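Examination of the molecular architecture
Read off the chains here:
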Amino acid sequence: MAVDIPPLVKPSRLRSRGGLLGECLAEFLGTFVLISFGCGVVATAVAALPGSGRAATPTTIFLAAGDWLLITWGWALAVVFGVYVAGGVSGAHINPAVTLAMAVRRGFPWVKVLPYWFAQVVGALTGAALVYLVYHNAIDAYDSAVTGPKVNGHTNATFSIFATFPAAYFHGGIWGPLIDQIVGTAFLLMLIAAVLDLRNQAVKANLAPLIVGFVVAAIGMSYGANAGYAINPARDFGPRLLTYAAGWGSLAFPGSVSGSFSAYWWIPIVGPLIGGLIGIVVYDLFIGDVLLVRSELAQLPAPGRSTPVRTTDEE
C-alpha cells in the first residue's frame, strides 16, 4: 500500500520474526489459506450444496464433469491466494514437496526444511479445522442421509472433503496411486521451476501465483481423479489428522476402506516428495542446463536455430 502501516507489535519485539520464525509464520498462514479455500470448495460440492437443497437430492454429488471443475478451480484459486499471502516473506512453498525440491536444486537452506514442514502441516491442520467448524452441520446432515458403510457415523464421501483416497479401479493396489502422486507432483515442480526461472520466459508483474494456480488446475483436470491429486504432503496429512481427531477413525489412519484400499495414509506423503524431486531435476536436465550454457556463452541463437547467426564480416 502507498501509506505507512504501523506494526501491531512494537518493533523491538518483531526482530525475532524477521528471520526463520517470520518465514514459518508466513508458511503457516499461506497453507492455512490454501486448505481453508481448498477443502472449503470440496465441502461445498460434497455436503453444502446437496444439504442446502441446491442439488437434485440431499446426497447427489458428482453427476457431471462440472462438479469436478468446481473443485479443480477452487483448489487453483486456493493456491493463488495462499501464495500471494505468504510469497513476500517465505517464498510461499506451502508444500513440503516444494520445500524439499528447492533445498535439493535451488539452494534453499537445509536447516529451514523441517521448520517449514512443521509450519505447513500445522497450517493445513488449522485450515481443515476451520472448514469443519463452518461445515460440520452440512457434513453431519450428509452422513445421516447416506446409506452404506460408515465409520463412527462418517462416510468416505465426507472424509474426501479433507483428505484423499484412491479410486476403486486400483483394487487396493499401491503402485497405481503412488505413481499417480509422483507424476502429478513432478509436473507441479517442473512447471513451478519454469515459471520462476528468470532465464526462461519468466512470468512478470507478480503474476507467478496466478500461473501456479493454473498449473494446479491443469493437474487436477488431467490427473486428479485417480487419487484426488494431493500433490502436497501437508495438504493431505494435516487435514487427515483433523479427521482422525473428529471421528473418521480408520478412514483417516491407517486410511482404509474395507474391500477397497488399506493403509493409504503414507502414499500422499511419499509420492509427492519423490515426484517433486523428479520434476525439478527433469526441468534442469532438459531446460535449465541449456539456459545456463547459453547464458555462459552469451550467444543466444534465435528460437528454432541451433547456432547463432553470423554476419558476413564475422565469417
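Everything in this summary refers to the structure shown in the same document. (Residues numbered from 1 in each chain as written. Predicted model: local features only at pLDDT ≥ 70, side-chain atom pairs only at ≥ 80, totals over all residues. Heavy atoms only, no water.)

Secondary structure assignment for the protein yields 10 helices and zero strands. Traced from its N-terminal end to its C-terminal end, the protein shows the element sequence α-α-α-α-α-α-α-α-α-α. Among the 315 residues that make up the protein, the fraction classed as buried is 44%. The contacts of the protein with a sequence gap of at least 6 include a subset with a gap of at least 24, amounting to 75%. For the protein, the accessible surface area stands at approximately 16,000 Å², while carbon and sulfur atoms represent 67% of it. (Helix = DSSP H or I, 4+ residues; strand = E, 2+ residues; numbered from the N terminus. Buried < 20%, exposed > 50% of the residue type's maximum accessible area, 1.4 Å probe, protein only. Contact = heavy atoms within 4.5 Å. Areas by Shrake-Rupley, 256 points an atom, 1.4 Å probe, with all protein chains shown as cover.)

Let's shift gears to the nonpolar core. Counting 63 residues, the largest nonpolar core has Leu 34, Ile 35, Val 42, Trp 75, Ile 161, Phe 162 and Leu 188 as its most contacted members. In terms of residue count, helix α2 (residues 20-51) provides more of this core than any other element does, 12 residues in total. (Core = buried A, V, L, I, M, F, W, Y, C linked by side-chain atoms within 4.5 Å.)

To continue, consider the packing of helix α7 (residues 175-196) against helix α10 (residues 267-297). Between α7 and α10, the shortest axis-to-axis distance is 6 Å and the interhelical angle comes to 40°. In this view, α7 runs oblique relative to α10, as classed from their interaxial angle. As α7 runs across α10, the sense of the crossing is right-handed. On the side of α7, the interface is formed by Pro 177, Leu 178, Gln 181, Ile 182, Thr 185, Ala 186, Leu 189, Met 190, Ala 193 and Ala 194, while α10 contributes Ile 267, Pro 268, Gly 271, Pro 272, Ile 274, Gly 275, Gly 276, Ile 278, Gly 279, Ile 280, Val 282 and Tyr 283. Tallied by class, residues from the contact of α7 with α10 come to 16 nonpolar, six polar and no charged. (Axes fitted to C-alpha atoms, helices over the stretch in contact; angles between N-to-C directions. Parallel < 35°, antiparallel > 145°, perpendicular 65-115°, else oblique. Left-handed = near helix turned anticlockwise from the far one by under 90°. Nonpolar A, V, L, I, M, F, W, Y, C, P; charged D, E, K, R; others polar.)

Okay, unusual backbone geometry next. Backbone torsion omega between Phe 253 and Pro 254 reads 10°, so that peptide bond is classified as cis. Its place among the elements puts Pro 254 in the loop between α9 (233-248) and α10. Residues other than glycine seldom take positive phi values, yet Ala 205 does so here, at roughly 55°. Take Ala 205: it is sitting in the loop between α7 and α8 (208-223). Assessed through its relative accessible area of 68%, Ala 205 is described here as exposed. Even without being a glycine, Asn 206 presents a positive backbone phi close to 60°. Within the fold, Asn 206 resides in the loop between α7 and α8.

Structurally, Trp 175 can be placed in helix α7. A residue is classified by how much of its surface remains accessible, and Trp 175, at 63% relative accessible area, is exposed. For Trp 175 and Ile 267, which are 92 residues apart along the polypeptide, the C-alpha to C-alpha distance reads 9.4 Å.

Right, let's talk about the pattern of salt bridges for a bit. Evaluated as defined, the whole model comprises five salt bridges. Here Arg 106 and Asp 284 are joined by a salt bridge, their closest N and O atoms 2.8 Å apart. Taken together, the residues Arg 106 in the loop between α4 (96-105) and α5 (113-145) and Asp 284 in helix α10 connect sequence positions 178 residues apart. Taking relative accessible area as the criterion, Arg 106 reaches 36% and is therefore assigned partly exposed. Through salt bridges with shared partners, one network takes in Arg 105, Arg 106 and Asp 284. (Salt bridge = Lys/Arg side-chain N within 4 Å of Asp/Glu carboxyl O.)

Together, Leu 69, Trp 73, Leu 77, Phe 81, Tyr 84, Leu 207, Leu 210, Phe 214 and Met 221 make up an exposed nonpolar region whose accessible area comes to about 800 Å². Going through the elements one at a time, α3 (65-90) and α8 are the ones with two or more residues in the nonpolar patch. Summarising the element assignment, Trp 73 is placed in helix α3. Among the residues examined, Trp 73 registers a relative accessible area of 39% and is labelled partly exposed. (Patch = residues over 30% accessible without salt bridge, like charges linked within 9 Å, V, L, I, M, F, W, Y side chains within 5 Å.)

Mapped onto the fold, Glu 27 is located in helix α2. Lys 112 is the oppositely charged side chain nearest to the buried, salt-bridge-free Glu 27, at an N-O distance of 10 Å. Looking at Glu 27, its side chain comes within polar contact range of the side chain of Ser 90, at 2.5 Å. Dropping the residues within four chain positions of it, Glu 27 is found in contact with Ser 90, Ala 92, His 93, Ile 94, Asn 95, Tyr 116, Ala 119 and Gln 120. (Lys, Arg positive; Asp, Glu negative; His and termini not counted. Polar contact = N/O pair within 3.5 Å; in protein donor to acceptor, adjacent residues only side chain to side chain.)

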